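If you want the building blocks of each chain, they are given just below.
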Amino acid sequence: MELNRVAHQESSDYRHTAESEAGGLASKRIIAGYGFWIFLLSDIIMFSAFFAAYAVLVGATAGGPSGRELFNLPNVGIETVCLLLSSFTCGIASIGARMHRGSWFYGGMAATFLLGAAFLAIELHEFAGMIAQKAGPTRSAFLSAFFTLAGCHGVHVTLGLLWLLTMVAQVFAKGYRPDILRRVLCFSLFWHALDIVWVAVFTVVYLMGVAQ
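A. A look at the side chain of Thr-80. Inspection of the secondary structure puts Thr-80 in helix α3 (residues 73-98). In contact with Thr-80, other than residues within four places in its own chain, are Trp-198 and Phe-202.

Structure below.
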(Lines give C-alpha, C1' and ligand atoms only; values in the text may rest on other atoms or scores of the structure.)
Protein backbone atom coordinates (compact mmCIF):
# COMPACT_ATOMS: atom_id res chain seq x y z
CA MET A 1 0.00 0.00 0.00
CA GLU A 2 2.84 2.32 0.98
CA LEU A 3 4.68 1.50 -2.26
CA ASN A 4 1.60 2.38 -4.30
CA ARG A 5 1.28 5.71 -2.50
CA VAL A 6 4.96 6.57 -3.14
CA ALA A 7 4.70 5.56 -6.79
CA HIS A 8 1.56 7.67 -7.21
CA GLN A 9 3.30 10.64 -5.56
CA GLU A 10 6.36 10.30 -7.80
CA SER A 11 4.11 10.07 -10.87
CA SER A 12 2.25 13.21 -9.82
CA ASP A 13 5.53 15.07 -9.21
CA TYR A 14 6.88 14.02 -12.62
CA ARG A 15 3.66 15.11 -14.33
CA HIS A 16 3.71 18.43 -12.51
CA THR A 17 7.36 19.01 -13.47
CA ALA A 18 6.69 18.17 -17.11
CA GLU A 19 3.69 20.50 -17.22
CA SER A 20 5.76 23.29 -15.61
CA GLU A 21 8.55 22.85 -18.15
CA ALA A 22 6.05 22.83 -21.03
CA GLY A 23 4.41 25.95 -19.64
CA GLY A 24 7.82 27.62 -19.31
CA LEU A 25 8.72 26.84 -22.92
CA ALA A 26 5.35 28.12 -24.11
CA SER A 27 5.86 31.34 -22.14
CA LYS A 28 9.31 31.82 -23.67
CA ARG A 29 7.89 31.33 -27.16
CA ILE A 30 5.15 33.89 -26.50
CA ILE A 31 7.62 36.41 -25.06
CA ALA A 32 10.02 35.90 -27.98
CA GLY A 33 7.16 36.33 -30.47
CA TYR A 34 5.93 39.55 -28.86
CA GLY A 35 9.50 40.81 -28.56
CA PHE A 36 10.13 40.30 -32.27
CA TRP A 37 6.92 42.10 -33.28
CA ILE A 38 7.79 45.00 -30.96
CA PHE A 39 11.22 45.17 -32.62
CA LEU A 40 9.67 45.12 -36.09
CA LEU A 41 7.10 47.81 -35.23
CA SER A 42 9.78 50.01 -33.64
CA ASP A 43 11.80 49.70 -36.84
CA ILE A 44 8.80 50.77 -38.91
CA ILE A 45 8.25 53.75 -36.61
CA MET A 46 11.90 54.73 -37.02
CA PHE A 47 11.66 54.58 -40.81
CA SER A 48 8.42 56.59 -40.67
CA ALA A 49 10.31 59.33 -38.81
CA PHE A 50 13.05 59.28 -41.47
CA PHE A 51 10.42 59.53 -44.22
CA ALA A 52 8.82 62.49 -42.45
CA ALA A 53 12.19 64.23 -42.10
CA TYR A 54 12.95 63.60 -45.78
CA ALA A 55 9.56 65.01 -46.82
CA VAL A 56 10.29 68.20 -44.87
CA LEU A 57 13.87 68.60 -46.14
CA VAL A 58 13.53 67.42 -49.75
CA GLY A 59 13.51 71.00 -51.04
CA ALA A 60 16.38 72.18 -48.84
CA THR A 61 19.14 71.70 -51.41
CA ALA A 62 21.11 74.83 -50.35
CA GLY A 63 21.87 75.55 -54.01
CA GLY A 64 23.22 72.04 -54.53
CA PRO A 65 21.97 69.25 -56.77
CA SER A 66 18.47 67.86 -56.33
CA GLY A 67 17.21 64.32 -56.76
CA ARG A 68 16.28 65.06 -60.35
CA GLU A 69 19.96 65.68 -61.15
CA LEU A 70 21.42 62.89 -59.04
CA PHE A 71 19.14 59.86 -59.19
CA ASN A 72 19.72 57.21 -61.84
CA LEU A 73 16.40 55.40 -62.21
CA PRO A 74 17.69 52.46 -64.31
CA ASN A 75 20.19 51.55 -61.60
CA VAL A 76 17.58 52.01 -58.87
CA GLY A 77 15.21 49.84 -60.91
CA ILE A 78 17.80 47.05 -60.94
CA GLU A 79 18.20 47.45 -57.17
CA THR A 80 14.45 47.15 -56.73
CA VAL A 81 14.21 44.04 -58.90
CA CYS A 82 17.03 42.41 -56.93
CA LEU A 83 15.35 43.08 -53.60
CA LEU A 84 11.88 42.00 -54.75
CA LEU A 85 13.29 38.78 -56.20
CA SER A 86 15.14 38.17 -52.94
CA SER A 87 11.82 38.36 -51.12
CA PHE A 88 10.48 35.60 -53.39
CA THR A 89 13.53 33.39 -52.87
CA CYS A 90 13.34 34.02 -49.12
CA GLY A 91 9.76 32.74 -49.20
CA ILE A 92 10.93 29.60 -51.01
CA ALA A 93 13.58 29.09 -48.32
CA SER A 94 10.94 29.42 -45.57
CA ILE A 95 8.71 26.86 -47.27
CA GLY A 96 11.69 24.54 -47.68
CA ALA A 97 12.50 24.85 -43.97
CA ARG A 98 8.94 23.98 -42.94
CA MET A 99 8.91 21.00 -45.33
CA HIS A 100 12.43 19.95 -44.26
CA ARG A 101 13.61 20.11 -47.87
CA GLY A 102 17.27 21.08 -47.88
CA SER A 103 17.45 21.89 -51.59
CA TRP A 104 14.67 24.46 -51.27
CA PHE A 105 16.00 25.95 -48.03
CA TYR A 106 19.68 26.18 -48.92
CA GLY A 107 19.00 27.14 -52.54
CA GLY A 108 16.52 29.83 -51.52
CA MET A 109 18.85 31.23 -48.88
CA ALA A 110 21.80 31.27 -51.31
CA ALA A 111 19.75 33.13 -53.92
CA THR A 112 18.47 35.57 -51.28
CA PHE A 113 22.03 36.29 -50.14
CA LEU A 114 23.32 36.87 -53.66
CA LEU A 115 20.42 39.16 -54.57
CA GLY A 116 20.75 41.10 -51.32
CA ALA A 117 24.51 41.46 -51.85
CA ALA A 118 23.88 42.70 -55.42
CA PHE A 119 21.44 45.29 -54.04
CA LEU A 120 24.04 46.52 -51.57
CA ALA A 121 26.78 46.66 -54.21
CA ILE A 122 24.63 48.82 -56.52
CA GLU A 123 23.61 51.09 -53.64
CA LEU A 124 27.20 51.56 -52.49
CA HIS A 125 28.23 52.37 -56.07
CA GLU A 126 25.45 54.96 -56.20
CA PHE A 127 26.55 56.53 -52.92
CA ALA A 128 30.20 56.61 -54.03
CA GLY A 129 29.23 58.28 -57.31
CA MET A 130 27.21 60.95 -55.52
CA ILE A 131 30.04 61.67 -53.09
CA ALA A 132 32.48 61.89 -56.03
CA GLN A 133 30.21 64.60 -57.47
CA LYS A 134 30.54 66.48 -54.16
CA ALA A 135 26.97 65.56 -53.30
CA GLY A 136 27.67 63.84 -49.99
CA PRO A 137 25.49 63.91 -46.88
CA THR A 138 27.05 67.18 -45.65
CA ARG A 139 26.28 69.11 -48.86
CA SER A 140 22.69 69.98 -47.96
CA ALA A 141 19.82 69.07 -45.64
CA PHE A 142 18.18 67.23 -48.54
CA LEU A 143 21.22 65.01 -49.02
CA SER A 144 21.57 64.45 -45.26
CA ALA A 145 17.98 63.22 -45.14
CA PHE A 146 18.48 61.07 -48.25
CA PHE A 147 21.66 59.39 -47.03
CA THR A 148 20.14 58.80 -43.60
CA LEU A 149 17.02 57.14 -45.00
CA ALA A 150 18.61 55.09 -47.77
CA GLY A 151 21.72 54.35 -45.72
CA CYS A 152 19.71 53.11 -42.74
CA HIS A 153 17.85 50.74 -45.04
CA GLY A 154 21.18 49.55 -46.45
CA VAL A 155 22.48 48.87 -42.92
CA HIS A 156 19.36 46.80 -42.23
CA VAL A 157 19.95 44.78 -45.41
CA THR A 158 23.56 44.18 -44.31
CA LEU A 159 22.40 42.97 -40.89
CA GLY A 160 19.79 40.82 -42.61
CA LEU A 161 22.46 39.11 -44.69
CA LEU A 162 24.47 38.35 -41.54
CA TRP A 163 21.30 36.99 -39.92
CA LEU A 164 20.71 34.85 -43.02
CA LEU A 165 24.17 33.28 -42.71
CA THR A 166 23.49 32.59 -39.04
CA MET A 167 20.23 30.82 -39.89
CA VAL A 168 21.90 28.68 -42.54
CA ALA A 169 24.63 27.70 -40.07
CA GLN A 170 22.09 26.83 -37.37
CA VAL A 171 19.98 24.67 -39.67
CA PHE A 172 23.11 22.94 -40.95
CA ALA A 173 24.37 22.25 -37.42
CA LYS A 174 21.12 21.54 -35.55
CA GLY A 175 18.57 20.60 -38.20
CA TYR A 176 14.96 21.75 -38.48
CA ARG A 177 14.21 22.03 -34.78
CA PRO A 178 11.05 23.97 -33.81
CA ASP A 179 13.06 26.81 -32.25
CA ILE A 180 15.24 27.08 -35.37
CA LEU A 181 12.15 27.16 -37.59
CA ARG A 182 10.73 30.02 -35.51
CA ARG A 183 13.95 31.97 -36.03
CA VAL A 184 13.80 31.32 -39.77
CA LEU A 185 10.23 32.64 -39.76
CA CYS A 186 11.32 35.78 -37.88
CA PHE A 187 14.12 36.34 -40.39
CA SER A 188 11.67 35.92 -43.26
CA LEU A 189 9.28 38.51 -41.78
CA PHE A 190 12.18 40.91 -41.24
CA TRP A 191 13.36 40.52 -44.83
CA HIS A 192 9.85 41.05 -46.24
CA ALA A 193 9.52 44.17 -44.08
CA LEU A 194 12.73 45.53 -45.63
CA ASP A 195 11.20 44.98 -49.07
CA ILE A 196 8.11 46.96 -48.09
CA VAL A 197 10.26 49.81 -46.78
CA TRP A 198 12.30 49.82 -50.00
CA VAL A 199 9.17 50.04 -52.15
CA ALA A 200 8.28 53.17 -50.15
CA VAL A 201 11.83 54.53 -50.61
CA PHE A 202 11.71 53.84 -54.34
CA THR A 203 8.34 55.58 -54.70
CA VAL A 204 8.73 58.55 -52.35
CA VAL A 205 12.43 59.28 -52.81
CA TYR A 206 13.39 58.20 -56.30
CA LEU A 207 10.24 58.36 -58.44
CA MET A 208 8.90 61.53 -56.86
CA GLY A 209 12.42 63.02 -56.74
CA VAL A 210 12.96 62.57 -60.48
CA ALA A 211 9.45 63.85 -61.24
CA GLN A 212 9.99 67.14 -59.39
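What follows picks up the thread again.
B. Main features of empty space enclosed by the protein. For the structure shown, the criterion picks out one cavity of 30 Å³ or more. Taken as a whole, the largest cavity spans an internal volume of roughly 50 Å³. In terms of lining residues, the largest cavity is bounded by Leu-40, Asp-43, Ile-44, Phe-47, His-156, Phe-190, Ala-193, Leu-194 and Val-197. Residue assignment for the lining of the largest cavity shows that the elements contributing at least two residues are α1 (2-57) and α6 (178-211). A breakdown of the residues in the lining of the largest cavity according to their chemical character gives seven nonpolar, one polar and one charged.

C. Geometry of α6. A rise of 1.5 Å per residue sets the reference length of α6, with its 34 residues, at 50 Å; its end C-alpha atoms lie 48 Å apart and thus fit the reference within 8%. For α6, the principal kink sits at Phe-202 and spans about 25°.

D. Summary view of the pattern of salt bridges. Applying the stated rule across the entire model yields two salt bridges. Between Asp-179 and Arg-177 there is a salt bridge, and its shortest N-O distance comes to 2.7 Å. Classification of Arg-177 by relative accessible area gives partly exposed; the value is 37%. Salt-bridge contacts for Asp-179 lead to Arg-183; the nearest nitrogen and oxygen are separated by 3.6 Å. Linking Asp-179 with Arg-183, this pair stays in helix α6, spanning four residues, or about one helical turn. Sharing partners across several salt bridges, the network here consists of Arg-177, Asp-179 and Arg-183.

Thresholds applied
Residues numbered from 1 in each chain as written. Predicted model: local features only at pLDDT ≥ 70, side-chain atom pairs only at ≥ 80, totals over all residues. Heavy atoms only, no water. Helix = DSSP H or I, 4+ residues; strand = E, 2+ residues; numbered from the N terminus. Contact = heavy atoms within 4.5 Å. 1 Å grid on protein atoms, 1.4 Å probe; cavity = no way out; pocket = protein on both sides within 12 Å on 5 of 7 lines; lining within 4 Å. Points joined across faces, edges and corners; volume = space filled by probe spheres on them. Nonpolar A, V, L, I, M, F, W, Y, C, P; charged D, E, K, R; others polar. Expected span 1.5 Å × (residues − 1). Bend = angle between axes of the 7 residues up to and from the residue. Salt bridge = Lys/Arg side-chain N within 4 Å of Asp/Glu carboxyl O. Buried < 20%, exposed > 50% of the residue type's maximum accessible area, 1.4 Å probe, protein only.

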